[in-house]
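Below, each chain spelled out in residue letters.
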Amino acid sequence: MRLVKLSAAAGYAYLGLFLAAPLVFIFWQVLAGIGQVYTSIADPFYLNLSPEAFAQAVYVRPTDPPTLVIRGPDLGVILNSLWVALAVAAADTALGFALAYVLAKYVFPGRTALGLLATLPLIVMPFATAYVVRKFLDPRWGTLNWALGSLLPLRVEVSGLAAVAVVQALMYLPIAYLNIYAALARVDPTLEEVAANLGADERRAVRDVVLPLSTPGLAAAFVLVFIFAIDDVAAPIIFQDDPAARKLLSYQVYSKFLDQVQGQISPAAAFLALILLAISTTAFLAVRKYVGLRQYAMLIRQLRPRVYRPGPLGKAAIYLVAFPLVLTAAAPLLGALALVFAERWATTPLPEGLSLQNAAERLAEVFQNPLFLRGVANTVYYGVAATLVMVAVGLLIALAAARSRGPAADALDALATMPIAIPGLVVAYAYFLTSLHLTAALKPAAPALAQALDPLRHPELYLIVGYSVRKLPFVVRSIYAGLQQIHPSMEEVAMNLSDGYLGVLRRILVPLLKTNILSGALIGFVYVTSEVSLSITLGALKGVGQDTAMPITAFMRERFESGLYGVQEAATLGLVLVLIQAAAIALTTKVLKTRYGFVL
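Conventions used here
- All residue numbers here refer to positions counted from 1 along the written sequence of the relevant chain.
- Local features in this predicted model are restricted to residues of pLDDT 70 or higher, and side-chain atom pairs are both shown and tallied only at a pLDDT of 80 or more, whereas totals for entire chains, interfaces and linings draw on every residue.
- Excluding hydrogens and water, the side-chain values take into account all heavy atoms of the structure.
- UniProt positions are given in the numbering used here, feature names are shortened, and annotations may be inferred rather than shown by experiment.
- In this analysis, axes come from line fits to C-alpha atoms, helices being fitted only over the stretch in contact, and the angle between any two N-to-C directions falls in the range 0 to 180 degrees.
- We count a stretch as a helix when DSSP gives it H or I for four or more residues in a row; a strand needs E for two or more, and each element gets its number in order from the N terminus.
- Only heavy atoms matter for contacts: two residues are in contact if any of them lie within 4.5 Å across the pair.
- Just to be clear on terms, a salt bridge is a Lys or Arg side-chain nitrogen sitting within 4 Å of an Asp or Glu carboxyl oxygen.
- Relative accessibility under 20% of the residue-type maximum defines a buried residue, over 50% an exposed one, and the middle range a partly exposed one, all with a 1.4 Å probe and only protein chains included.
- Cavities and pockets were defined on a 1 Å grid built over protein atoms only: a cavity is a set of grid points that admits a 1.4 Å probe from which the probe cannot escape, a pocket is an open set flanked by protein on both sides within 12 Å along at least five of seven lines, and lining residues are those with an atom within 4 Å of any such point.
- Grid points are joined across faces, edges and corners, and a volume is the space filled by probe spheres set on the points.
- For two strands to be treated as a pair, DSSP must find at least two bridges joining them.

The name an unreviewed UniProt entry assigns to the protein is Binding-protein-dependent transport systems inner membrane component, from the organism Pyrobaculum neutrophilum. Recorded in UniProt under Sequence similarities (unreviewed entry), the annotation for the protein is "Belongs to the binding-protein-dependent transport system permease family. CysTW subfamily." The UniProt entry for the protein carries this comment under Subcellular location (unreviewed entry): "Cell membrane".

Have a look at this one:
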């Protein structure tokens, strides 16, 4: 079918031009300056395996009372990024499995409340949640030492890399939990019954049946959390007062991006971006390959999961461990919301003077500030524009992948999924560097075109394209799933009665795929509006002014870095961002006339 071939060509062209080409350009930049790169990377700042790397990891500071300081080993930028991301992924996978198993396999009072609390951190308030964790961990006025003051003979200080790991573990726990829960819910319950009939107790059934069959969910949870953690730049920015928190790949790429904007071109920046890209894609491909080596399919998928009633010890574990765990994970979001309602939260362990009037006044200030209004308008504009691009491109790619066979279709499907493993900072850096060289090359022959493509004058174009590329996998997977449920014979019959495949697409496929398209569009929109990496880099290229290109998340970063008085303004902007996402979800739910969850 000609339209399917054209769809495949359009998909390859879009991803080749806006994903592969900029990444290849980074690689070329590294090769061009390989000598300078080697000199820079050989510095212990990037790789440090000396005994001194562990000297300040954990120690006791002689204060009154003594202070237990937990900072984590400082192994240099590259190894720091690896150990922090691996620790976060391992912790969240383990905790997520325990939480998902409790919710999937046990019946107990409060089960629904536990499930809702476990998903609460999915509401995104970039920077604000990390700032609240910093308040919790503050050694002088922090909530942690206030709560433990009467129980421990010393103070606890979690800072540096350890603090970044704590923030990320709390932020990404719901992602691990939901992926693992979905895998556990798909395990055929009759297999557990067979194991029980053969004499296996619950513990052995979990070890020999449930755990192996839920491997895809565990692997997906681990690699997603790992990629999100290694790409995260919000937590390092919030804890940047500690030099160790700045020694992460994400922060270094971000800071060197700012240096590039000021004209300090360095091949080491391209090399760091390339390392970040290589680590993320290697983890993604390795897990995909490992999962693909075995068969996890089950014959029966529609039965309810086998459930148990917990014994006294089980109930104690649920109420004394599981509930405190989800409350701890939800605490940063609740604290971020409290910042909006509080009169102040500076030198006390908890926010002071909570009132609705404070929140109303702060929201009014946001909507009376022309710069913040510009940020809100930019966020909505970028979200809508990128979503329209994603739907158009995603429909073509999903159609080509679902209705054609062979290596080319498989490669297109893999290429469309790959952006989920590519850090946003790498995309931002690649776009900036490529567009700078492109405009410099165009300037002598076509100055008007060069000016229109100048990223320092018009970053909006690169933001929309970058958002659409990064979030494209969510739209493609949603539409692809819908196409798999439509038998091709229906299209063949329709083709004989209509004006070719374009008519089939317009009159048959699009109406039947309406729910999938809207679902994918909603997911894409929500993730675009909460995107951090592209927003604080490309979005800040024009700076703060009446024609600023900054979306809400970029304004939040700017307000947090402005000092104490900007913190509550940033949290209020975060609340506005949440309200925009909630409005999109409510509108789509009304259109679809159904409720549904959406995560990854």
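The discussion continues.
With respect to the packing of helix H16 (residues 370-403) against helix H25 (residues 552-561)
H25 packs onto H16 with a crossing angle of 140° between their chain directions and a minimal axis gap of 8 Å. Taken together, the residues of H25 that come into contact with H16 (itself represented by Leu371, Phe372, Gly375, Val376 and Thr379) are Ile552, Phe555 and Arg559.

Considering the pattern of salt bridges
A full pass over the atoms with the stated rule returns 17 salt bridges. The partner of Arg344 in a salt bridge is Glu352, with the nearest N and O atoms 3.0 Å apart. Accessibility expressed as a relative area gives 42% for Arg344, which makes it partly exposed. Note that Arg470 is salt-bridged to Glu531, the shortest N-O span being 3.0 Å. With Arg470 in helix H20 (residues 459-484) and Glu531 in the loop between helix H23 (514-529) and helix H24 (533-537), this residue pair connects regions lying 61 residues apart in the sequence. The exposure class assigned to Glu531 is buried, which follows from its relative accessible area of 4%. Linked through salt bridges whose partners overlap, the residues forming this network are Asp231, Arg470, Lys471 and Glu531.

What about empty space enclosed by the protein?
One pass over the full model with this rule turns up three cavities of 30 Å³ or more. Each pocket or cavity is described by its volume, and for the largest cavity that value is around 50 Å³. For the largest cavity, the full set of lining residues is Ser81, Val84, Ala85, Val164, Gln168, Ala229, Ile230, Asp232, Leu248 and Ser250. Counting residues per element, the ones that place at least two in the lining of the largest cavity are helix H3 (77-105), helix H7 (160-185) and helix H10 (215-231). Ranked by residue count, the leading element in the lining of the largest cavity is H3, at three residues.

Structural notes on the sheet that holds strand E2 (residues 67-70)
Spatially, the three strands line up as an open sheet ordered E1-E2-E3, and their pairing is mixed. Both edges of this open sheet fall to strand E1 (58-61) and strand E3 (155-158), since each of them pairs with a single strand only. Within the sheet, the average angular offset between the axes of one strand and its neighbour, ignoring direction, is 20°. Pairing of E1 with E2 involves four bridges; the strand directions are antiparallel. For Arg61, the partnering residue across the bridge sits in E2 and is Thr67.

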